[in-house]
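Observations on the three-dimensional arrangement
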Amino acid sequence: MGVFRLQSLVANAKQLIKLNNKHQKDVPKGYLAVYVGEIQRKRFVVPLSYLDQPLFQDLLRRSEEEFGFNHPMGGLTIPCCEEAFNHLTTQLHN
């Protein structure tokens with residue numbers, strides 16, 4: 001994947017976050033709500049700094065492949081199991 005495509009993906013994710021955060025007042029500034037799960041989705045609030053991380057960008061690519069930019073939950077939906085997401089966020093946090 002080219003650099004331009006990655007920049008476009010992150011820019012589109014940031015747009016979705018801005019729209020989503022206008023409707024979700026319980027998300028602190030500097031964070032975003034994401035919905036994670038393959039069948040039943042659970043809501044997580046993660047720091048915006050994750051958008052710059054290659055591991056999180058891989059999840060954004062998967063999300064784009066599956067949903068495009070039309071997310072069924074009204075927020076950024078990430079198609080992976082909750083356990084894998086927890087593992088990834090633990091790595092990013094450390």
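Per chain, residue numbering runs from 1 following the sequence as it is written. Where totals are concerned, whole chains, interfaces and linings use all residues; where local detail is concerned, this predicted model gives features only for residues with pLDDT of at least 70, and gives and counts side-chain atom pairs only at 80 or more. The basis for every side-chain value is the complete set of non-hydrogen atoms in the structure, without hydrogens or water.

**A closer look at the nonpolar core**
Only buried residues count toward a nonpolar core. Its members are Ala, Val, Leu, Ile, Met, Phe, Trp, Tyr and Cys residues joined through side-chain atoms within 4.5 Å. The rule is simple: take the accessible area with a 1.4 Å probe, protein chains only, and divide by the maximum for that residue type; under 20% is buried, over 50% is exposed, in between is partly exposed. If you look at the biggest cluster of nonpolar residues, it comprises 16 residues, and the most contacted ones within it are Val34, Val36, Val46, Phe56, Leu59, Ile78 and Phe85. The secondary structure listing takes helices from DSSP runs of H or I that are at least 4 residues long and strands from runs of E that are at least 2 residues long, numbered from the N terminus. Within the residue set of this core, elements represented by two or more residues are β1 (31–36), β2 (42–47), α2 (54–67), β3 (76–78) and α3 (82–93). Look past the residues within four positions of Phe85 in its chain and what remains in contact with it is Val34, Val36, Phe44, Val46, Phe56, Leu59, Ile78 and Cys80. Residues count as neighbours in contact if any of their non-hydrogen atoms are within 4.5 Å of one another.

**Points about the pattern of salt bridges**
Definition used for salt bridges: Asp or Glu carboxyl oxygen within 4 Å of a side-chain nitrogen of Lys or Arg. Overall, the coordinates contain three salt bridges when judged by the stated rule. Taking the shortest distance from any N to any O, the salt bridge between Lys42 and Glu82 comes out at 3.3 Å. Here Glu82 lies in helix α3 and Lys42 lies in strand β2, a separation of 40 residues in the sequence. Classification of Lys42 as partly exposed rests on a relative accessible area of 41%.

**A closer look at the pairing of β2**
When DSSP finds two or more bridges between a pair of strands, those strands are recorded as paired. Examined bridge by bridge, β1 and β2 share six bridges and lie antiparallel to one another. Note on β2: the bridge partner recorded for Val34 is Phe44. Connecting the antiparallel pair β1 and β2 is a turn made up of five residues, with Gly37 showing a positive phi of about 145°.

**Some remarks on the sheet that holds β1**
The strand order β2-β1-β3 describes an open sheet built from three strands, whose pairing is mixed. If you trace the sheet from one side to the other, it starts and ends with β2 and β3, each paired once. Between one strand axis and the next, the sheet turns through 40° on average, direction left out of account. Sheet topology places β1 next to β3; three bridges connect them, and they run parallel. Angles shown run from 0 to 180 degrees and are taken between the N-to-C directions of axes, each axis being a line fitted to C-alpha atoms and, for helices, limited to the stretch in contact.

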